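# Working through the structure, step by step
The lines below spell out each chain.
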Amino acid sequence: MIRLMFTIVAGVVLGLVVHLVSVLALPRIATQDAYSRLTPMTKVNAVTQLPLADPNTSPMPFMDPAFALAICRYDLSGGPIKLTVPVSQAYTSVSFYTRNEIAYYAINDRSAGRKVIELDLMTEAQHSELPEDEEVTAADRLIIDSPATTGLILMKALAPEPGLMPQAQASLAASSCKVQTEPVAAKQEAPPPLPVPAPPPTARKR
């Protein structure tokens, strides 16, 4: 009886371990994950608009037909990326994913509080190499640290009505995602004020 119970418990534990390992390993070994499916239709460090949601041709599952979608498949090995996304009239959001589809940051037009969502994406190592003078507040410059060199940026613009879809697509078409080719320059100090000229001598009365 004890041997039978031991066999049952061992089988249950072994099944749980196999299930847990398979679930954790699936995103890494899957050949049809989002990154792999989007690679043939996207360019590295560039914004690519996705076709409207269609059950038969959707490149990703669970696409909402009320949203225009665009993807930036980024690679930070060549340097940090500057991302700019104009805000649409209804709603705009930007989400960041690792190569293994793990979401690590998201921002929308409400939280940005601006007409253009603008930020710098870089690795932690690249962030640490910035000059100290470049450490500015998030209100002036938003810096996002990517946990990996490669990943995906998903941009979404809402079209509340079907007739507004062209406007949502146009806002994403104006987005840009490109490597910063110019090195980050340290802030320059303001030049010293020019000397104030002495007043002209007054003529003496005779």
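Residues numbered from 1 in each chain as written. Predicted model: local features only at pLDDT ≥ 70, side-chain atom pairs only at ≥ 80, totals over all residues. Heavy atoms only, no water.

### A few points about the pairing of strand β6 (residues 116-123)
Looking along a regular strand, one sees the side chains alternate between the two faces of the sheet. Quick note on the threshold: Buried means the residue's accessible area, taken with a 1.4 Å probe over protein chains only, is under 20% of the maximum for its type, while exposed means over 50%, and partly exposed covers the values in between. Segments assigned H or I by DSSP are reported as helices when at least four residues long, segments assigned E as strands when at least two residues long, and all are numbered from the N terminus. For two strands to be treated as a pair, DSSP must find no fewer than two bridges joining them.
Taking burial as the measure, the eight residues of β6 include six buried ones, the bulk of the element. Pairing analysis gives six bridges linking strand β3 (residues 81-86) to β6, with the strands arranged antiparallel. Its bridge partner lying in β6, Leu-83 is registered against Leu-119. Pairing analysis gives four bridges linking β6 to strand β7 (residues 143-146), with the strands arranged parallel. In the strand pairing of β7, Thr-123 is matched with Ser-146.

### Some words on the packing of aromatic side chains
To keep things clear, this is the line we draw: Only Phe, Tyr and Trp rings take part, Trp by its six-membered ring, and two of them pair if their centres are within 6.5 Å. Stacked means planes under 30 degrees apart, edge-to-face means over 60, and tilted covers everything else. We count a charge as sitting over a ring when the NZ of a lysine or the CZ of an arginine lies within 6 Å of the ring centre and within 35 degrees of the ring normal.
Summed over the entire model, instances satisfying the criterion amount to three aromatic pairs. When the ring of Phe-96 is compared with that of Tyr-104, the centres are 6.1 Å apart and the planes differ by 50°; the resulting orientation is tilted. Site record: aromatic cluster; members linked through ring pairs are Phe-96, Tyr-104 and Tyr-105. Between Lys-156 and the ring centre of Phe-67, over which it is positioned, the NZ or CZ distance is 4.6 Å.

### Some words on the pattern of salt bridges
Think of it this way: side chains of opposite charge can pair up when their charged atoms draw near. The condition that has to hold: The term salt bridge refers to a side-chain nitrogen of Lys or Arg lying within 4 Å of a carboxyl oxygen of Asp or Glu.
For the structure on display, the rule yields three salt bridges. Residues Lys-82 and Glu-118 are paired through a salt bridge, measuring 3.8 Å at the closest nitrogen-oxygen approach. Residue Lys-82 is found in strand β3, and its partner Glu-118 is found in strand β6; the two are separated by 36 residues along the sequence. Its relative accessible area of 24% is what places Lys-82 among the partly exposed residues.

### Considering the nonpolar core
We apply this condition: Remark: nonpolar core denotes a set of buried residues (Ala, Val, Leu, Ile, Met, Phe, Trp, Tyr, Cys) joined through side-chain atoms within 4.5 Å. Two residues qualify as a contact provided that any one of their heavy atoms is within 4.5 Å of a heavy atom in the partner residue.
The biggest cluster of nonpolar side chains holds 24 residues, and the ones touching the most others in it are Leu-83, Val-94, Leu-119, Leu-121, Ile-153 and Met-155. Where this core is concerned, the elements lending two or more residues are β2 (67-75), β3, β4 (92-98), β6, β8 (150-158) and α5 (165-173). Among the elements that take part in this core, β2 stands out by supplying four residues, more than any other. Among all residues touching Leu-119, those that are not within four sequence positions of it are Ile-81, Lys-82, Leu-83, Phe-96, Ile-107, Leu-142 and Ile-144. Met-63, Phe-67, Ile-71 and Leu-152 belong to the second largest nonpolar core, which has 10 residues in total.

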